[in-house]
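Working through the structure, step by step
Okay, here's what each chain looks like letter by letter:
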Amino acid sequence: NQNTSLALGSNLASMTQSGNSVAILEISSYGSGRVVKWNEYNWASESILGPVYGMDDLLWRSIVWAARKPFVMQGFPPIITMRVDDVDGTGLEGTIANDFEWISISNGYGFAPWCGTFTIPAEKIPIFKTFLDANNATASPHAFSYESSIYFNHEGDLIFDPVINTQTAHAFYTNNELKMSKLLIPHYYEIDPLALGEIQNMGIEFMGTHMDIGDPYNDFWINCAPFRTYMDVWGRSSDPLPVSYSGNISNGSFTFFNCVTEIRDDQGYEWYITGRTNADIIGQGVRQLSRSLNSMVLSTLFTHQDQLGISAQNWSNILSEITGAVAAFNPEYRSLDYGVQYARAKSNISITNVSDNDPIVNISYSGTNDMDTRCYLFTESSGLISFRQVVLPQISAGTVIVGVLK
């Protein structure tokens, strides 16, 4: 490894290529202060080792370590959510896919899953409705079936009307009194602009997509906050690269908040369960959540219903091991609906000033949002850095100052 160039410094991270190692992150002290030196930043490119690839925590932790305390950061709290696509409640007897048994077991571990639904058989609707009514799950129409999309003519049908399809999907929920989520993640992430008016009529405010509205899957990925706003749009929506979106997308007069996190470079596109050992299933789930939590993005355990052909006991064991492994993050288990609303509220405010009036820290912030959010307050004593989360109450306009004890 290359020796550090900082006096009394330490090398915390290196990159190796063709047998050559280069120190990319060094730290040292100077008087009563601290120095963090990044020698290389090319790794942050998505073509090398970009966002949510496992380096993000080194970046924000190095800032926290070097900053004078108290230090305030508008980081994302450790929220964990669950998302399951292609849900209809059908499955082999004795498996958790049948009759939505996986939802009730997941509830026991704190999860309130978001379900992207297919057309649900009539006899299974009352079961599903019970979960939605109790807020133990949330849902919106994903597709009619695997081969029949709602919002975009993915299959190339000769007769396809995204407006009528969206109205039909909406009517299915309305007629069966199924509470609808404000989040839409369509089949293959595809949306025809013609469907947007009816999508808005369904009450949708949030989307999860990787392409511009109107583009097919495998087209160029969308330029969207926080990580893909100012970079060249060179990647495609199907690329095996981790991604986390949290920002507005627009088409014509329609604007939605796009929020989705997927860890796509670890043993596949999603959290795979079928045909794998429990050790592999648990390991992938833990890694995917840990990557998101360390990156301070919305964390989502994401899979499809066709992966749930396992027994109730096995599912319970898997969730028990995963939740136990990430317990050190002190996570909050929330619905994906809560998570995306929180992400929007967080992005709609900015911390404008922090003042230390010992023993009170005053935090000023401005903007407009629809729910309370939180920031991190870092303090230090005898070289030990600790933190707590400070509530930033909902704000409608102007600037608010919150005073908190250190």
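An account of the accompanying structure is given in this report.

Looking at helix α8 (residues 336–347)
The terminal C-alpha atoms of α8, which comprises 12 residues, lie 17 Å apart, in line with the 16 Å expected from a rise of 1.5 Å per residue. Burial of α8 is extensive: nine of the 12 residues sit out of reach of the surface.

Digging into the sheet that holds strand β11 (residues 254–262)
Strand order across the open sheet formed by four strands is β8-β9-β11-β10, with mixed pairing between neighbours. Strands at the two margins of the open sheet, each flanked by one partner only, are β8 (183–184) and β10 (243–251). Where strand β9 (residues 206–207) lies against β11, two bridges are found, and the strand directions are parallel. Paired with M207 across the strands is N258, a residue of β11.

Section: the environment of G75
Mapped onto the fold, G75 is located in the loop between β4 (71–73) and β5 (79–87). C-alpha of G75 to C-alpha of V297: the two residues are 222 residues apart in sequence and 8.5 Å apart in space. Other than its neighbours up to four places away in sequence, G75 contacts M296, K346, R374 and Y376.

Describing the state of the cysteines
Applying the stated criterion across every chain, the model contains zero disulfides. A disulfide-free cysteine, C115 has its sulfur positioned 17 Å from the sulfur of C259, the nearest such atom. We classify C115 as buried; its relative accessible area is 0%. No disulfide involves C259; its nearest neighbouring cysteine sulfur is the one of C224, lying 8.8 Å away. According to the relative accessible area criterion, C259 is buried, its value standing at 4%.

Cut-off values and rules
Residues numbered from 1 in each chain as written. Predicted model: local features only at pLDDT ≥ 70, side-chain atom pairs only at ≥ 80, totals over all residues. Heavy atoms only, no water. Helix = DSSP H or I, 4+ residues; strand = E, 2+ residues; numbered from the N terminus. Expected span 1.5 Å × (residues − 1). Buried < 20%, exposed > 50% of the residue type's maximum accessible area, 1.4 Å probe, protein only. Pairing = 2+ DSSP bridges. Contact = heavy atoms within 4.5 Å. Disulfide = S-S within 2.5 Å.

Without other data, these values stay purely geometric and don't point to any function.
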